Amino acid sequence: MNTTPSRLRRRAALATAAAAVAALTLAACGNNSNSGATSAPPPATASAPATVPAGEHNQADVAFAQGMIPHHRQAILMSEMVQTNGASGEVKALAVKIKKAQDPEIATMSAWLKAWGEKVPTGMDGMDGGDHDGSGMPGMMDNQRMDMLRGASGTAFDTMFLTMMIEHHEGAIEMAKTEKAEGAYGPAKTLADDIITAQTAEIAQMKTMLGKS
């Protein structure tokens, strides 16, 4: 009953299909039990070329950041005195501009030092010595001169503030030029450029103000 030609043909077709499926399965697994062959490993991919670390810096960059942070803090302190002791609205407006520029730069340089594993100056580190005895940073005011500024008021204060801030800016520019000449960290050299540009313009503005007084 089960050996009619049509049934025999169907059985042959099913057997052929089963054999084909078995062969495909073995090929997909990469293991032929008759030959012992294994699938080839995937082709190797080329490794990315080595690059220079993005944070490359040197000791000049560290000194620039560690010196400029307290230098900026003193500029903030001097600028804050203008609002209570000064007389000229023009001088007060300049002081607000100077103060506003310092905080973002302090934050930026502090982040660099932390990333480099270096000390971030706290408070007014570096402020006490001034630069009059050769022991401090360029343009930094010593305690005696800061006390003189605190004790002044009105137009006398304005004149003293402008005179001292010009000196202070000149010191910052000197430090920035050293960074440009000796530093290795690109962002620090860019910041040094920005300081030179901005503070040179402010020095010219302050000298004009002094000429009016």
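Further up the page is the structure itself.
Residues numbered from 1 in each chain as written. Predicted model: local features only at pLDDT ≥ 70, side-chain atom pairs only at ≥ 80, totals over all residues. Heavy atoms only, no water.

1. Quick look at the overall build of the chain
For step 1, the next point in the chain: Secondary structure summary: the chain contains 6 helices and 0 strands in total.
For step 2, the next point in the chain: Expressed as a percentage of its 213 residues, the buried residues of the chain come to 33%.
For step 3, the next point in the chain: Pairs at least 24 residues apart make up 71% of the contacts formed inside the chain by residues separated by at least 6 positions. (Helix = DSSP H or I, 4+ residues; strand = E, 2+ residues; numbered from the N terminus. Buried < 20%, exposed > 50% of the residue type's maximum accessible area, 1.4 Å probe, protein only. Contact = heavy atoms within 4.5 Å.)

2. Section: the packing of aromatic side chains
For step 1, the next point in the chain: On inspection of all chains with the given rule, the structure shows 4 aromatic pairs.
For step 2, the next point in the chain: A ring pair is formed by tryptophan 112 and tyrosine 185, whose centres lie 5.4 Å apart and whose planes are at 80°; its orientation type is edge-to-face. Taken as a pair, tryptophan 112 in helix α3 (residues 89–116) and tyrosine 185 in the loop between α5 (154–182) and α6 (186–212) lie far apart in primary sequence, 73 residues in all.
For step 3, the next point in the chain: Judged by relative accessible area, which is 12%, tyrosine 185 ranks as buried.
For step 4, the next point in the chain: With a centroid separation of 6.2 Å and 10° between ring planes, the pair formed by phenylalanine 157 and phenylalanine 161 is classed as stacked. With a gap of 4 residues between them, phenylalanine 157 and phenylalanine 161 both fall in helix α5, about one helical turn apart.
For step 5, the next point in the chain: On the basis of relative accessibility, which here comes to 0%, the residue phenylalanine 157 falls in the buried class.
For step 6, the next point in the chain: Cluster of aromatic residues (ring-pair linked, three or more members): Trp112, Trp116 and Tyr185. (Phe/Tyr/Trp six-rings, centres within 6.5 Å; stacked < 30°, edge-to-face > 60°.)

3. Overview of the side chain of histidine 169
For step 1, the next point in the chain: Tracing the sequence through the fold places histidine 169 in helix α5.
For step 2, the next point in the chain: Accessibility expressed as a relative area gives 1% for histidine 169, which makes it buried.
For step 3, the next point in the chain: Once you skip the residues sitting within four places of it in the chain, histidine 169 turns out to touch Ile98, Gln199, Glu202, Ile203 and Met206.

4. Section: the environment of alanine 192
For step 1, the next point in the chain: Mapped onto the fold, alanine 192 is located in helix α6.
For step 2, the next point in the chain: Linking alanine 192 and glutamate 179, residues 13 residues apart in sequence, is a C-alpha distance of 6.7 Å.
For step 3, the next point in the chain: Ignoring sequence-local partners within four residues, the contact set of alanine 192 consists of Phe64, Ala176, Glu179 and Lys180.

5. Digging into the side chain of glutamate 202
For step 1, the next point in the chain: Here glutamate 202 shows up in helix α6.
For step 2, the next point in the chain: The buried charged residue glutamate 202 lacks any salt bridge, with lysine 97 as its nearest oppositely charged partner at 4.2 Å.
For step 3, the next point in the chain: Here glutamate 202 is in contact with Leu94, Lys97, Ile98 and His169, once residues within four sequence places are set aside. (Lys, Arg positive; Asp, Glu negative; His and termini not counted. Salt bridge = Lys/Arg side-chain N within 4 Å of Asp/Glu carboxyl O.)

6. Thoughts on the pattern of salt bridges
For step 1, the next point in the chain: One pass over the full model with this rule turns up 4 salt bridges.
For step 2, the next point in the chain: Lysine 180 is the partner of aspartate 193 in a salt bridge, and the nearest nitrogen-oxygen pair spans 2.7 Å. Of this pair, aspartate 193 sits in helix α6 while lysine 180 sits in helix α5, placing them 13 residues apart in sequence.

7. Some remarks on the packing of α3 against α5
For step 1, the next point in the chain: Where α3 contacts α5, the two axes come as close as 11 Å, and the packing angle between them is 30°. Classified by the angle their axes make, α3 and α5 are roughly parallel. Note that α3 runs across α5; the crossing there is left-handed. Together, Val91, Leu94, Ala95 and Ile98 of α3 and Asp158, Phe161, Leu162, Met165 and His169 of α5 make up the contact between the two elements.
For step 2, the next point in the chain: By residue class, the composition of the contact of α3 with α5 is 7 nonpolar, 1 polar and 1 charged. (Axes fitted to C-alpha atoms, helices over the stretch in contact; angles between N-to-C directions. Parallel < 35°, antiparallel > 145°, perpendicular 65-115°, else oblique. Left-handed = near helix turned anticlockwise from the far one by under 90°. Nonpolar A, V, L, I, M, F, W, Y, C, P; charged D, E, K, R; others polar.)

8. Re the nonpolar core
For step 1, the next point in the chain: One finds Phe64, Met78, Met109, Trp112 and Phe161 to be the most contacted residues of the largest nonpolar core, which totals 44 residues.
For step 2, the next point in the chain: Elements that contribute at least two residues to this core include exactly α2 (59–85), α3, α4 (143–151), α5 and α6.
For step 3, the next point in the chain: For phenylalanine 64, the residues in contact, after removing those within four places along its chain, are Met109, Trp112, Met175, Ala176, Glu179, Ala188, Leu191, Ala192 and Ile195. (Core = buried A, V, L, I, M, F, W, Y, C linked by side-chain atoms within 4.5 Å.)

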